[in-house]
Every structure is written in C-alpha cells, then in structure tokens.
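Close look at the chain arrangement
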Amino acid sequence: MAKITLKSLAKHLGVSVATVSNAFNRPDQLSTDLRRHILAESEKLGFNGPNATARSLRTGRSDMIAILLADSLDYAISDPVASQLIKGIAEVLQQQGKDMLLLSGSKAVHSTAEAMPDGFIIYGRSKNPEQLDRVLASGKPMITVDCNLPDVGSVNIDNYRYAYDIAEYALHQQAGKVAVLGLRLLDSDRVCRMQPNELYQQEESIARRRLDGYLAAMQAQNRALPAEQVWHIPVNTHHYAETAAREALTQHPRPQLLLCMSDRIALGAIAVARQLGLRIPEDLRIVGFDGIEEAERAYPALTTIAQHSDEKGRTAARLLLSGQQQQHVLLDCELRLRDSC
C-alpha cells in the first residue's frame, strides 16, 4: 500500500487538507462528529497524524515554549515554589495548544533542544552565562521571571517591600534578638554566616532585595542586625535549613525571632525548634516567605508572605504568547498572619 499522507487522507475522506490538519492540531475548529470520523478513518488506515518535524521545518514554528531554569530539573520539580510557577505556565500553554520544554540551567554543554522552542520564559538568575547568551542571541520572544535582563520584559514581585512588611510586623511582636536564615546570599555551597563586609554588598538578586528589606525594617526601629546573625543557605531544602537553624538556635543567648527567606527554611527551623524543646511563638517566633501550601498545614501554621507563584507563571505565559513581552509587571503579594508569629 502507498504511504498515507495528509493529502491522500483528505482525498479519501472528501475533505480539505486543512480540515484533516485541524482534526489533529486544532480540534476547536471542527464539530465533534466530524473530528471523530476523521480520526477513526485515520486509525483504520494507519495514519497517526501530520509529521511534526516536517511541519516545524515548513512553518518555522514548533508550538513549544521553553522554561530556562536557573537550577537542575530535579530541583525545579521538587521545589514547591518552582513547581507552582511551572504549573501556572502549563495551564496557559495547554489552553493555547502549546507544549512546554524544561531546560536545565545547570547543563554546561550546548544542547540542541535550545533551538526547538518558539520562545523562552527565563526563570531565575542564570548560573550558566554561555547558555543564556545563546538563548539571547536566538532573537526569539522571551520574558524573565524573578530576574531582569536588559531590553527583556519581566514578571516579578517587590521583594524589598514585602520583606520589609513581614519583618516590620514580626519586630513589633518580638523585641529580643533577631537572626536571618537567608537563601543564596553568597557564592558558597555550604551553610555559613556572613562577614561584616558582605552584609551591605550591592547585588540585584532576590535574596539581596529581601535582606535589604529586613535591614531597613530593623533600622526603622533603631535595631542592629550584625552580620554574624545572618546565615547563608545555599539550597532551599530542609537539610540545609535545619543545619542553619540548629546553629542559630544553639547560640547563647539564642534569637527570639527568625526571619526566614523561604517557607521551606522556616519549616525546617520549626522542626529544629521543636527538637530543642522551644515553644512557638512563646519562646521563639518564626516567619517565612513564599506562601506554599505546606506553610498553612504546619503546626504551628506559618506566618508568611504569599507570592502566588502559579499566577506569576500564568502572567508570564500570557504576556509571552500575546506578544507583550516588553512589559514589566510587578504582582501583588499578601501578608498572611498565622500562629508562628
């Protein structure tokens, strides 16, 4: 038998090539009965649909959007903030009939996958400048999330403002010693305290903006935050969080307030506090940042800033697909007051 093609199938069914193509690629353009008939006949004849590679070469489009991650794939999938952002992007792409490609920012070598997508959502501060340069040189539509690039639109939150807000609230509740459990404040892969010369370094990262917000709230109340009371945590995991929290809470005198740069870090601190026999909030107050679901289910429930990562993803995808990728959007967050502070 001759090979079945889109054209020969259309002739066999007595419909146009566009109608057959729509049955596979744009089902909303056909009635349900007509689409079912075309797909059923295609299955009988052993035709599985238009050749995606050929279509991509012909049209110059893959109908695929890439998320360029700052971290490894396994980290992005396991991190609750990143996974919520990816979920939000996926919702919009699915509605628009697009596919999603995840590109790891930790991959050192050139990947042919970088040439496939029609556009890019760049998530987080890149650790791979060569890869980022290749993506920028592609000239394809792109938008950044949680970072900024020259002449590229962005979707962010005001990390300084909301770090200030939660610190201001927490400081009013507790007049004692304060410690900060920070995330990715330094270029180091181990948990460590900051040095005095590192405290006020000027960098445009999420962590730095949050630290600046904490420092400003402390200064507004005429309170000092020594560098040795700020911990750098390299990766947002319970293991590293518990290591830093144990160091902070076994000091003499120990802190009465922990300002944590993520909910995951705060939840790790709650676990350590419980192991040390500390009551929350009577002996120790703890606040987080992110608004992940686990923060609400924790005991005690965590006071935090909810940044709605899924909506951040949806906004980025909508802007990219609508051709508005030159816009800069700041999304609102909310302070959620719960039992930990």
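Quick summary incoming for the structure in this document. (Residues numbered from 1 in each chain as written. Predicted model: local features only at pLDDT ≥ 70, side-chain atom pairs only at ≥ 80, totals over all residues. Heavy atoms only, no water.)

1. Quick notes on the environment of Ala 316
Rules: In this text, helices come from DSSP runs of H or I with a minimum length of four residues, and strands from runs of E with a minimum of two, each type numbered from the N-terminal end. Exposure is judged per residue with a 1.4 Å probe applied to protein chains only, and the accessible area is read against the type maximum: over 50% gives exposed, under 20% gives buried, and values in between give partly exposed.
For Ala 316, the position within the fold is in helix α14 (residues 309–321). The class of Ala 316 is buried, set by a relative accessible area of 0%. Residues Ala 316 and Val 155, 161 residues apart in the sequence, show an inter-C-alpha distance of 6.1 Å.

2. Here's the deal with the packing of aromatic side chains
Let me state the cut-off plainly: Between the rings of Phe, Tyr and Trp (Trp by its six-membered ring), a pair exists once the centres lie within 6.5 Å; its type follows the angle of the planes, with under 30 degrees stacked, over 60 edge-to-face, and the other angles tilted. Only when the NZ atom of a Lys or the CZ atom of an Arg is both within 6 Å of the ring centre and within 35 degrees of the ring normal do we say a charge sits over the ring.
Counted according to the given criterion, the structure contains zero aromatic pairs. The ring of Phe 289 has Arg 210 sitting right over it, with the charged end atom 3.8 Å from the ring centre.

3. Some remarks on the sheet that holds strand β7 (residues 192–193)
Operational definition: One requirement defines pairing of two strands: DSSP has to find at least two bridges between them. The contact criterion used throughout is that any non-hydrogen atoms of two residues lie within 4.5 Å. Axis definition: a line fit to C-alpha positions, over the contact stretch in the case of helices; interaxial angles, taken between N-to-C directions, run 0 to 180 degrees.
Reading across from one edge, β7-β8-β6-β9-β10 is the order of the five strands in this open sheet, with mixed pairing throughout. Either end of the sheet is taken by a strand with one partner, and the two such strands are β7 and β10 (285–287). Where strand β6 (residues 178–183) and strand β8 (residues 230–233) come together, four bridges link them in parallel fashion. From the neighbouring strand, Leu 181 faces β8, where its bridge partner is Trp 231. Helix-sheet contacts for helix α8 (residues 159–173) involve β6, β9 (257–260) and β10, and the interaxial angle to β9 is about 170°.

4. Regarding helix α3 (residues 32–45)
An α-helix turns once per 3.6 residues; consequently, residues spaced three or four apart project the same way. For clarity, the cut-off: To estimate the expected span of a helix, subtract one from its residue number and multiply by 1.5 Å. Directions drawn from the helix axis to the C-beta atoms are what define this arc.
Between its first and last C-alpha atoms α3 spans 20 Å; for 14 residues at 1.5 Å apiece the expected length is 20 Å, and the two agree. Three or more residues of α3 are buried, namely Ile 38, Glu 41 and Ser 42. The buried side chains of α3 occupy one side of the element, clustering within an arc of 105° when seen end-on. Set apart from the buried face of α3 by more than 90 degrees, the exposed residues are Asp 33, Arg 36, Glu 43 and Lys 44. Tucked into the core, α3 has its buried residues touching α1 (6–13) and α2 (17–25). Note on α3: the residue one or two positions beyond its end, Gly 46, has a positive phi of about 80°.

5. Quick word on the environment of Ile 4
Structurally, Ile 4 can be placed in the segment before α1. Separated by 190 residues in the primary sequence, Ile 4 and Met 194 place their C-alpha atoms 67 Å from one another. Beyond its immediate sequence surroundings of up to four residues, Ile 4 is in contact with Leu 9, Leu 45 and Phe 47.

6. Looking at the packing of α1 against α2
If you want to describe how two helices pack, look at the angle between their axes and the distance between the axes. Where we set the bar: Comment on the angle field: the value is read as roughly parallel under 35 degrees, roughly antiparallel over 145, roughly perpendicular from 65 to 115, and oblique elsewhere. In this classification, the charged set is Asp, Glu, Lys and Arg, the nonpolar set is Ala, Val, Leu, Ile, Met, Phe, Trp, Tyr, Cys and Pro, and all remaining amino acids, among them Gly, are polar.
The geometry of α1 relative to α2 is characterised by a closest axis approach of 8 Å and an angle of 105° between their N-to-C directions. In terms of orientation, α1 lies roughly perpendicular with respect to α2. Facing α1, whose interface residues are Leu 6, Lys 7, Leu 9, Ala 10 and Leu 13, α2 presents Val 17, Val 20 and Ser 21. Residues that form the contact of α1 with α2 fall into these classes: six nonpolar, one polar and one charged.

7. Observations regarding the sheet that holds strand β12 (residues 328–331)
Spatially, β2-β1-β3-β4-β5-β12 is the arrangement adopted by the six strands of the open sheet, whose pairing is parallel. Pairing within the sheet leaves two strands with one partner each, and these edge strands are β2 (99–103) and β12. Shown here is a sheet whose adjacent strand axes are inclined to one another by a mean of 20°, direction ignored. Relative to strand β4 (residues 142–145), α14 is tilted by about 165°, and along the sheet it contacts β1 (64–69), β3 (119–123), β4, β5 (153–157) and β12.

8. As for the pattern of salt bridges
Note the following rule: In what follows, salt bridge is the name for a side-chain nitrogen of Lys or Arg lying within 4 Å of a carboxyl oxygen of Asp or Glu.
Throughout the structure, instances matching the rule amount to 16 salt bridges. Across the salt bridge formed by Asp 290 and Arg 210, the nearest N and O atoms sit 4.0 Å from each other. Residue Asp 290 is found in the loop between β10 and α13 (293–297), and its partner Arg 210 is found in helix α10 (residues 206–220); the two are separated by 80 residues along the sequence. One salt bridge in this structure joins Arg 297 and Glu 293, with 3.6 Å as the shortest N-O distance. Note that Arg 297 and Glu 293 are positioned in helix α13 at a spacing of four residues, about one turn of the helix. Looking at Arg 297, the relative accessible area reads 62%, which means it is exposed.

No statement about biological role is implied by the geometric values presented.
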